[in-house]
Amino acid sequence: MNVDRSSLQTGTQVRQACRARIFTGQTSGLAPGFAQANLVILRKQDASQFLEFCQKNPKPCPLLEVTEAGDPGLQKLAQNTDLRTDLPRYRVWKQGALVEEPTDISQLWQEDLVSFLIGCSFTFEAALIDSGLSVRHIDLGLNVPMYRTTIPCEPAGIFSGPLVVSMRPFKPADAIRAVQITGRYPAVHGAPVHLGFPEQLGITDLTQPDFGDAVPVEPDELPVFWACGVTPQAVLMQAKLEFAITHSPGCMFVSDLKDEALAIS
């Protein structure tokens, strides 16, 4: 059974559809005006070093909330939540390898698990659209393209690895507007980290994203790159932890927090 995407206008509606397993797709463009978040779930023994990693790398890993060990609920971003069921799709990692992508992780839950909710650039897309800018992957009904770069993150303990970026193409004047608009949202990656020249990031082919879907970039457009909350997944691959869970790229936690609550004046 599938649900009409247009009916998912609030964070609560998205989470309920995920919990009922009638929505398992990507969340870009859903519940406009409500903040979205990336998810990383680690054993308590690994959590303190990952917290340090996020603190050292606030651009790709802006923390919105961290749970108590064993608690699948949230206190800040939404009420009556269950992180085991309230995202469309998850990724399960063992020894740094992706082993499955379930829609429910209840059977995998352990009492020592700590959840990290990290800001997501899907949050500021509503502000871009409200300002009259066209967001290509939303227009096409696709997931945002995401790329590993050759830019290293600041290491912390066992955690190190490359910055991952998301890309949205804009004409130059619109790219400047996008910088101004998204710069108001530092809690969800903020302004872009790079404009144009993907090869300077180590990206050799925009048609081959590492995560998400490719979108066309027209000759008169610049590819604009934002730090991405999928960065921890590249880092987890490198750390080769015994066990970890994340969201599936593009399949976010949709909160009850309004976008503008994360904006700065």
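Residues numbered from 1 in each chain as written. Predicted model: local features only at pLDDT ≥ 70, side-chain atom pairs only at ≥ 80, totals over all residues. Heavy atoms only, no water.

K.L.:
Just give me the short version of the sheet that holds strand β7 (residues 162-170), but keep the residues and values in it.
P.N.:
Strand order in the open sheet formed by four strands is β6-β7-β9-β8, and the pairing between neighbours is antiparallel. Edge positions in the sheet fall to β6 (146-152) and β8 (194-195), since each has one partner strand and no second. The sheet contacts of helix α5 (residues 172-182) involve β7, β8 and β9 (222-227), and relative to β9 the element is tilted by about 15 degrees. (Pairing = 2+ DSSP bridges. Helix = DSSP H or I, 4+ residues; strand = E, 2+ residues; numbered from the N terminus. Contact = heavy atoms within 4.5 Å. Axes fitted to C-alpha atoms, helices over the stretch in contact; angles between N-to-C directions.)

K.L.:
Before we move on, can you summarise helix α6 (residues 231-239) with the specific residues and values?
P.N.:
Summarising burial for α6: seven of the nine residues are buried, a large majority. Phi for K240, located one or two positions after α6, is positive at around 55 degrees. (Buried < 20%, exposed > 50% of the residue type's maximum accessible area, 1.4 Å probe, protein only.)

K.L.:
Let's hear about unusual backbone geometry: which residues, and what values?
P.N.:
Positive phi, close to 60 degrees, is recorded for R21, a residue that is not glycine. As for its placement among the helices and strands, R21 is situated in the loop between α1 (11-19) and β1 (34-43). Taking relative accessible area as the criterion, R21 reaches 47% and is therefore assigned partly exposed. Despite not being glycine, N80 has its phi angle at roughly 55 degrees, a positive value. Its place among the elements puts N80 in the loop between β2 (63-66) and β3 (90-94).

K.L.:
Break down the side chain of T123 for me, with residues and values.
P.N.:
The residue T123 is located in helix α3 (residues 122-130) in this model. Separated by 2.9 Å, the side chain of T123 and the backbone nitrogen of Q36 make a polar contact. Beyond its immediate chain neighbours, meaning those up to four positions away, T123 contacts A35, Q36, V188, D259 and L262. (Polar contact = N/O pair within 3.5 Å; in protein donor to acceptor, adjacent residues only side chain to side chain.)

K.L.:
Any chance you could break down the nonpolar core for me, citing the residues and the numbers?
P.N.:
Counting residues in each nonpolar core, the largest one holds 34 residues, and the members touching the most others are L117, L128, F170 and F253. At the level of elements, β1, β3, β5 (113-119), α3, α5 and β9 are the ones that each hand at least two residues to this core. Of all the elements, β1 adds the most residues to this core, at four residues. Each residue touching F253, except ones within four places of it in the same chain, is listed here: R15, A35, Q36, A37, L74, L77, A78, T81, L83, D86, L87 and L117. In terms of nonpolar packing, the next biggest core, distinct from the first, is built from 29 residues, C54, V114, M167 and A244 among them. (Core = buried A, V, L, I, M, F, W, Y, C linked by side-chain atoms within 4.5 Å.)

K.L.:
An account of the packing of aromatic side chains is requested, with residue identities and associated values reported.
P.N.:
Scanning all chains against the criterion turns up six aromatic pairs. Ring geometry for F50 against F159: centres 5.5 Å apart, planes inclined by 75 degrees, an arrangement best described as edge-to-face. Placement of the pair is F50 in helix α2 (residues 44-56) and F159 in the loop between β6 and β7, with a sequence separation of 109 residues. By relative accessible area, F50 is classed as buried at 0%. What makes F159 buried here is its relative accessible area of 0%. (Phe/Tyr/Trp six-rings, centres within 6.5 Å; stacked < 30°, edge-to-face > 60°.)

K.L.:
Describe the pattern of salt bridges, with residues and values.
P.N.:
A full pass over the atoms with the stated rule returns 13 salt bridges. Between R21 and D104 there is a salt bridge, with the nearest N and O atoms lying 2.5 Å from each other. Residue R21 is located in the loop between α1 and β1, and its partner D104 is located in the loop between β4 (97-100) and β5; the two are separated by 83 residues in the primary sequence. In this structure, E221 and R136 form a salt bridge, with 2.5 Å as the shortest nitrogen-oxygen distance. Residue E221 is found in the loop between β8 and β9, and its partner R136 is found in helix α4 (residues 136-139); the two are separated by 85 residues along the sequence. Here the two residues E221 and R136 agree in accessibility, since each one is buried. (Salt bridge = Lys/Arg side-chain N within 4 Å of Asp/Glu carboxyl O.)

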